[in-house]
Amino acid sequence: MQIPELRAGVIGTGFIGPVHIEALRRLGVQVTALSDLPERAAAVGGRLGIAEVHDDYRALVRSPNVDVVHIASPNRFHGEMSLAALHAGKHVVCEKPLAMNTRETARIVRSARASPRIFAVNYNVRFYPAVLQLRRLVQRGDLGDILHAQGSYLQDWLFKDTDYNWRLLPQEGGRLRAVADIGTHWMDTAAFILGASVQAVFADLGIHHRTRQRPLGEVETFSRTKAALSYAPYRVKTEDYAHLLLRFSNGTRASLAVSQVAAGRKNCIRLELYGSKKSAWWCSEEPDVLHFGNRDGANESAMRGTPAFGPDVAPYADYPAGHVEGFPDTFKMLFRSVYGFIAAGGNGKGERLFATAQDGHHEVAICEAILRSQQTRAWVQV
Ligand SMILES: NC(=O)c1ccc[n+]([C@@H]2O[C@H](COP(=O)([O-])OP(=O)(O)OC[C@H]3O[C@@H](n4cnc5c(N)ncnc54)[C@H](O)[C@@H]3O)[C@@H](O)[C@H]2O)c1
């Protein structure tokens, strides 16, 4: 089977659902169906040229025209939608976080294990070519033993007390917000590069706006609210920012800063690795470039698509050097990896690079350990 023979259905078409649809179409995958709330579904279907529109996701997962279900709805629906799609015999690509708590994610892991289908969690940062290259360099020992890692994931779209999104409500987004929403991207990426998992955490979480103003009417992710709207105050229970200490299973120690109230940082993920031979660092604001630090001699940089970058990640980069690949391309490359596995009959060629249900479950387990650490002011094992 070839990738373009597979047919996708997408649940949730707010901010990230259309990113999935665009990336799938760039791979030649047919997007045959979508599902959203009754007040949105038909209009979005018309705009995106998708004829099969469902206002109930259960109809989409049962559709005979869908092989792979993409779940891009708010977090609280991920658990039931993942289980329903697996039950209907579909492959699944679920957005992160995998579900609201480890009770739900453990059920998904069991169901995915019992299914012959592929289940992927959409940790797309893994698919920046620079991240794939860093992973290769660590595997080859080019940096030596990784002594410690450092980094951040910073945004500013919730900077004002009038900035609003469903993520601010624990019943919609979960009991952790900034850490679950973007911190888990960093932790998943670091674990992927290191080939090790986070085993213990020490957390310090902060809330900037204890009371926020909720606009009357729904607001889409990353949209700016208009001054003319009227608001209702509400208490905030989830963190705007966090500082985390992490211990990985291979002994690497890391510190991570996460914020959704860092003015001027729109969507900045940064990762630095300090090895016994040399250092390496990367930032999504300059996605095609890897930097290396040397104790003696000059520091170096390598650009994607040039010999300095190496041939290993070539299947996950489509454009020549200097033609920058970024956020939307990571979705295309993740889906190339997942759909390649499916097309090959579930065995896949080469390594499985995408995050599994087990990986998604582990990220939610880390989040629960971080909450316990915040409450007990102590190190907590994951
Ligand atoms: N991987 C990434 O980089 C990335 C980026 C952004 C969001 N996400 C994840 O994607 C998910 C969606 O986030 P978003 O920012 O697109 O949110 P959003 O609010 O912009 O969009 C959510 C969409 O889901 C729809 N929806 C709500 N309930 C539904 C239901 N019961 N059935 C079908 N559709 C329903 C909404 O109407 C809306 O169109 C979240 O889990 C988020 O964590 C991942």
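Residues numbered from 1 in each chain as written. Predicted model: local features only at pLDDT ≥ 70, side-chain atom pairs only at ≥ 80, totals over all residues. Heavy atoms only, no water.

A. The arrangement of the packing of aromatic side chains in detail. For the coordinates displayed, the defined rule picks out seven aromatic pairs. Ring centres of tyrosine 128 and tryptophan 282 lie 4.9 Å apart, and the angle between their planes is 55°; this geometry places the pair in the tilted category. With tyrosine 128 in the loop between β6 (119–121) and α6 (129–140) and tryptophan 282 in strand β14 (residues 279–283), this residue pair connects regions lying 154 residues apart in the sequence. Residue tyrosine 128 shares its accessibility class with tryptophan 282, and that shared class is buried. One aromatic cluster is present, formed by Phe327, Phe331 and Phe335 through successive ring pairs. In this structure, arginine 247 is placed above the aromatic ring of tryptophan 379, and the distance from its NZ or CZ to the ring centre is 3.9 Å. The lysine or arginine in question, arginine 352, covers the ring of phenylalanine 354, its NZ or CZ lying 5.6 Å from the ring centre. (Phe/Tyr/Trp six-rings, centres within 6.5 Å; stacked < 30°, edge-to-face > 60°. Helix = DSSP H or I, 4+ residues; strand = E, 2+ residues; numbered from the N terminus. Buried < 20%, exposed > 50% of the residue type's maximum accessible area, 1.4 Å probe, protein only. Lys NZ or Arg CZ within 6 Å of the ring centre and 35° of its normal.)

B. Expanded view of unusual backbone geometry. Omega for the bond connecting lysine 96 with proline 97 falls within 30 degrees of zero, at -15°, which places this linkage in the cis form. With respect to the helices and strands, proline 97 occurs in the loop between β5 (91–94) and α5 (102–114). One non-glycine residue with positive phi stands out, namely arginine 377, at about 55°. Within the secondary structure, arginine 377 is located in the loop between α10 (357–376) and β17 (380–381).

C. Quick look at the nonpolar core. Counting residues in each nonpolar core, the largest one holds 86 residues, and the members touching the most others are Trp186, Leu246, Leu273, Tyr339 and Ile370. Per-element tally for this core: the top contributor is helix α8 (residues 178–194), with 11 residues. Structurally, this core is a two-domain feature, drawing no fewer than three residues from each of domain 1 (3–124) and domain 2 (128–354 + 360–376). When residues no more than four places from it in sequence are discounted, the contact partners of isoleucine 370 are Leu176, Val179, Met187, Val201, Ala203, Leu205 and Leu244. (Core = buried A, V, L, I, M, F, W, Y, C linked by side-chain atoms within 4.5 Å. Domains from an automatic or database assignment. Contact = heavy atoms within 4.5 Å.)

D. Seen up close, α6. For α6, spanning 12 residues, the distance from its first C-alpha to its last is 16 Å, which sits close to the expected 16 Å at 1.5 Å a residue. Most of α6 sits inside the fold, with nine of its 12 residues counted as buried. Of all the residues in α6, the buried ones are Pro129, Ala130, Val131, Leu132, Gln133, Leu134, Arg135, Leu137 and Val138. Those residues of α6 hidden inside the fold are in contact with β7 (146–154), α8, β13 (268–275), β14 and β15 (289–293). Trailing α6 by a residue or two, glycine 141 shows a phi angle of about 80°, which is positive. (Expected span 1.5 Å × (residues − 1).)

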